[in-house]
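Structural description and commentary
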Amino acid sequence: MEQRKNIFPKKHVKIDLWLVAILVLAAFLYGWNIWEAGSANSFYTSAIISMSESWKNFWYASFDPAGFITVDKPPVALWFMVIFVKIFGLHGWSIVISSVLFSLGSVFLIYKMVKPYFGALAARIAALLMTLTPIVVADARTNNMDATLVFFLLLACYVLQKAVSKHNIWLVGLAFALVGVSFNVKMLQAFMILPAMYVFYWIASKENWKRILWGSVVGTIALIVFTLSWPLAVDSVSKQNRPYIGSSSTNSVLNLAFGYNGTQRLLGQTTGTGGTFTGMGNSKKGTKTKAPNTKKLTNSNKQNKAGGKAPGMTKGTGKTGNNAGGGNSIFNVGTAGVTRLFQTALGQQISWYLPLALVGLIIAYLAAYDTKKKWWQLNRRQEQLIYWAGWLVPVAGFFSVASFFHPYYTIMLAPPIAVLAAVGISSFIESLNTVPSKKNYWLRGIMGVGIITNGALQAFFVWEYSVIAGIVVAVISVIMSIFIIFNYSKVKLFTAVGLLGLLWLPAFWSLTPTISAESAAIPTSGPSLLSGNGQSAGSIGDSSANTKLISYLKKHNGSKVKYLFATTDSNTAAPYIIKTKKAVMTIGGYNGTDNAITLKQFKKLVKKGEIKYFYISSHTNNNAIVRWVKKHGKKISASTYGGNSSSTAPSGMSKKGSRGPQQSAKGGPGGKKNMAKFQGKKPKKMGKMGKMVKNKKNKKSNTAGKMSGGMGQQQSSVLYELD
């Protein structure tokens, strides 16, 4: 009897055990202790809760259950978070698990993108460097959008690689469509890789120019469709039938994209009624920075100056006295210019391998260069190098000059830095046996300079914490570089040792968010997370929600009431939405400066009985509605609802919470008490490495600590009853 052929032949899948080990390491760094994540970024946690309440809120990314106003970003990343919350319930880990998984996916995609062109060694090193980039770890552990954004951008670039190799125009369309999806994760930030994608498609496609042009048209159409589908769908709906678009000035998603999340990121922020947010340490002249509602902020804000200095900063370090993300470091991105990424404000989060990446680009390009061809005749490796350099250069340029961004945004630089450093190392090792001796000597010299430079930069980053660690990494890099240049017989060994010498400090930095259960609104990393001078973000609702106030409002609000209370900003409202799952109206959006509702409209809601109480916090602007409330409202004595006492954690949420500057960005009333309670804890230690943690004793450190309660410290919150 004739044996029947198997129409589905078995494929022998080879498992790279090194990749498995790297992914296990990444899973540990990204996922360990996330059960203590608390409310992470409470602004987005409020939206997750609200979006899980109705399909309308889900579609619009509504901040509050009543669908009054949206958050300041599109909904795609939040959709994934809501799905996990609907499946597993509301927990600290369930609101961040999607970020963990997307971060693991990014490590895997980097491996898949590098291996076909530079080999398994380069792919493994690139995956490892991505895993051990501190800001990648910090971002993976929170519910911000950045980890999701990087995954979709890498996926887009990976699909474009496949499109070029398979000569498939429809895959080109899919690649650019994924960038459109990424736009609906974090708007124009996604477009920074478009130059790299277009250039790569044109130089790498081995087809005639007409077909390449047609592919570009298909890709551009897909990009436009997937970019604008959600914004236009939302903007086309009557403004009376949808939430106000938070942080926009015209109640429009497109205005939000090209204004607050667009040009203002580059030039400086001006939101809503004109509240400015330009001061993030970017001025070359050292002018003072300014934050929203500065009249209500603590006096410590007046000390916040441009050039990378914030309250509590030690001299000459560019760091706060508490930690890299503590105090007022949400405004601290260093001094604008070509050296910004090498300053401590950003460098300690992202730039540990940057010199090695720049040198690696040169080495890999030279090693791949064929003297028999014209300079413009590129081989596959050179095309890939241009691809990654096309990602690195514009993004690095933006962060070098931009006015309004947080340090954790620099995760955008992690993939190209990791890849270029890795392919440089692997190409150098390959070149020892493949290139002429004269050229090889030059490559060894360049690699030696790269290791020395990278070691010096790492020593600079760690110097303020441990002089000994700085000296050790500098000495290792110098010795290994000398051996690489002058000892040809064991260059591979010395290169490996040199790489290990450059890994242990960023590995330690990457470990700090994991050990300290960091899951903050402003993700950060560094030894100070392990010290008692760090900050506790608290569990969901426990750092700011006043339980006695909630009880008072539930008792005295009438049956017609739609909102638990109204207030000016999302920072004040978020803990109460998280704690009660009830609607709280924020008339001014995130910063309290949006024109989300007019006084006339507000009066109508009060008359209808939908709003009975207004809560004025230290974040409050003196706008028309607030003035009307103060004039016509009945002031309720704080003694009747317990003043500013904080609540306990809701069911299912970790009470321990996270460490980090959550409340420095999204804080609210009650922060002072929570901070005082936390400061009584003993510093955590981590063996000998824990000795790197220094509690800097200067007078300004207390100033930075006081800011943990929010953009301004809670001092005089007042509840008004409205008739």
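Reference entry: report on the structure contained in this document. (Residues numbered from 1 in each chain as written. Predicted model: local features only at pLDDT ≥ 70, side-chain atom pairs only at ≥ 80, totals over all residues. Heavy atoms only, no water.)

1. Here we look at a nonpolar patch on the surface
Filter applied, for reference: Patch construction takes residues with relative accessible area above 30% that form no salt bridge. Like charges are linked within 9 Å, and nonpolar side chains (Val, Leu, Ile, Met, Phe, Trp, Tyr) are linked within 5 Å. Reported accessibility uses the Shrake-Rupley method at a 1.4 Å probe radius. Residues are deemed covered only where the shown protein chains occlude them. The salt bridge criterion pairs a side-chain nitrogen of Lys or Arg with a carboxyl oxygen of Asp or Glu, the two atoms within 4 Å. Only runs of H or I of at least four residues qualify as helices and only runs of E of at least two qualify as strands under DSSP, and these elements are numbered from the N terminus. Throughout, exposure labels follow a simple rule: accessible area from a 1.4 Å probe, protein chains only, divided by the maximum for the residue type, with under 20% read as buried, over 50% as exposed, and the rest as partly exposed.
Judged by side-chain polarity, Tyr441, Ile452, Trp463, Val467, Ile471, Val475, Val478, Ile479, Ile482, Phe483 and Phe486 come together as a nonpolar surface patch covering roughly 960 Å² of accessible area. When residues of the nonpolar patch are traced back to their parent elements, those giving at least two are α17 (437-462) and α18 (467-486). Secondary-structure assignment places Trp463 in the loop between α17 and α18. Taking relative accessible area as the criterion, Trp463 reaches 42% and is therefore assigned partly exposed.

2. Some remarks on the pattern of salt bridges
On inspection of all chains with the given rule, the structure shows seven salt bridges. Residue Asp146 pairs with Lys186 through a salt bridge whose shortest N-O separation is 2.7 Å. Taken as a pair, Asp146 in helix α8 (residues 146-166) and Lys186 in helix α9 (residues 169-186) lie far apart in primary sequence, 40 residues in all. By relative accessible area, which is 2% here, Asp146 ends up buried. Since its relative accessible area comes to 5%, Lys186 is described here as buried. With a closest N to O distance of 3.3 Å, Lys608 and Glu610 form a salt bridge.

3. What about helix α10 (residues 194-204)?
For clarity, the cut-off: The arc in question is the one spanned by the directions pointing from the helix axis to the C-beta atoms. Residue contacts are defined here by distance: any two heavy atoms, one from each residue, within 4.5 Å place the two residues in contact.
For α10, the complete set of buried residues consists of Leu194, Ala196, Met197, Phe200, Tyr201 and Ala204. On an axial view of α10, the arc spanned by its buried residues comes to 160 degrees, and they lie on one face. Those residues of α10 that are buried are in contact with α8, α9, α11 (209-235) and α15 (380-401).

4. Points about the pairing of strand β7 (residues 718-721)
Put simply, the test is: At least two bridges found by DSSP between two strands is the condition for calling them paired.
On β7, burial covers both faces: Val718 and Tyr720 on one face and Leu719 and Glu721 on the other are all buried. As paired elements, strand β5 (residues 613-616) and β7 share four bridges and run antiparallel to each other. Of the residues in β7, the one forming a bridge with Tyr615 is Leu719. Of the strand pairs in this sheet, strand β6 (residues 634-636) and β7 are connected by three bridges, and their pairing is antiparallel. By the bridge assignment, Lys634 is partnered in β7 with Glu721.

5. Considerations on the environment of Gly119
Relative to the assigned elements, Gly119 resides in the loop between α5 (97-118) and α6 (120-131). Accessibility expressed as a relative area gives 26% for Gly119, which makes it partly exposed. Placed 307 residues apart in sequence, Gly119 and Ser426 show a C-alpha to C-alpha distance of 8.2 Å.

6. Comments concerning the packing of aromatic side chains
The following threshold applies: When the centres of two rings from Phe, Tyr and Trp lie within 6.5 Å, Trp using its six-membered ring, the rings pair. Their planes under 30 degrees apart give stacked, over 60 give edge-to-face, and anything left gives tilted.
Within this structure, the stated rule accounts for 39 aromatic pairs. The interplanar angle of 35 degrees and the centroid separation of 5.9 Å between the aromatic rings of Phe28 and Trp32 together place this pair among those described as tilted. Given a relative accessible area of 34%, Phe28 falls into the partly exposed group. For Trp32, a relative accessible area of 42% translates into the label partly exposed.

7. Examining α15
Rule in force here: Expected helix span is given by 1.5 Å per residue-to-residue step, counting one fewer step than there are residues. The definition of a polar contact used here is a pair of N or O atoms within 3.5 Å, where within protein one atom must be able to donate a hydrogen and the other to accept one, and adjacent residues in sequence count solely through side-chain atom pairs.
Taking 1.5 Å per residue, 22 residues should reach 32 Å; α15 reaches 33 Å between its end C-alpha atoms and fits that length. A side-chain oxygen of the first residue of α15 lies 3.2 Å from the backbone nitrogen of Arg381; this N-cap is Asn379.

8. Some thoughts on a positive patch on the surface
The condition is simple: Charge assignment in this entry is limited to Lys and Arg as positive and Asp and Glu as negative, and neither His nor the chain termini are counted. Charge positions are represented by NZ for Lys, CZ for Arg, CG for Asp and CD for Glu.
Taken together, the side chains of Lys14, Lys112, Lys115, Lys162 and Lys166 make up a positively charged region of the molecular surface. Elements that contribute at least two residues to the positive patch include exactly α5 and α8. Given the relative accessible area of 38%, Lys115 is considered partly exposed.

9. Here we look at the packing of α10 against α11
Two quantities define a packed helix pair, namely the angle between the helix axes and the distance between the axes. Stated precisely, the cut-off is as follows: With axes taken as lines fitted to C-alpha atoms, and helix axes fitted only over the stretch in contact, angles between N-to-C directions fall between 0 and 180 degrees. An angle below 35 degrees is treated as roughly parallel, one above 145 as roughly antiparallel, one from 65 to 115 as roughly perpendicular, and anything else as oblique. Crossing handedness is defined as follows: a turn of the near helix away from the far one that is anticlockwise and smaller than a right angle gives a left-handed crossing, while the clockwise case is right-handed. In this classification, the charged set is Asp, Glu, Lys and Arg, the nonpolar set is Ala, Val, Leu, Ile, Met, Phe, Trp, Tyr, Cys and Pro, and all remaining amino acids, among them Gly, are polar.
Following both chains from N to C, one finds α10 and α11 inclined at 155 degrees, their axes separated by 10 Å at the closest point. On the basis of their axis angle, the class for α10 and α11 is roughly antiparallel. Seen from above, α10 lies across α11 with right-handed handedness. Only Trp209, Arg211, Ile212, Leu213, Gly215, Ser216, Thr220 and Leu223 of α11 make contact with α10, whose side of the interface consists of Leu194, Tyr198, Tyr201 and Trp202. Each residue belonging to the contact of α10 with α11 can be placed in one class, and the counts come to eight nonpolar, three polar and one charged.

10. Brief notes about the environment of Ile97
Tracing the backbone through its elements, the reader meets Ile97 in helix α5. A relative accessible area of 16% places Ile97 in the buried class. Distance from Ile97 to Phe84, taken between C-alpha atoms, is 7.7 Å for residues 13 residues apart in sequence. Once residues lying within four places of it in the same chain are set aside, the contact partners of Ile97 are Ile34 and Phe84.

11. Brief notes about the nonpolar core
Applicable threshold: In these notes, a set of buried Ala, Val, Leu, Ile, Met, Phe, Trp, Tyr and Cys residues joined through side-chain atoms within 4.5 Å is what counts as a nonpolar core.
One finds Tyr30, Leu78, Leu160, Met197, Met585, Phe602 and Phe614 to be the most contacted residues of the largest nonpolar core, which totals 200 residues. Looking at which element gives the most residues to this core, the answer is α8, with 13 residues. Apart from residues no more than four positions distant in its own chain, Leu78 is found in contact with Tyr44, Ala47, Ile48, Met51, Ala61, Val71 and Met145.

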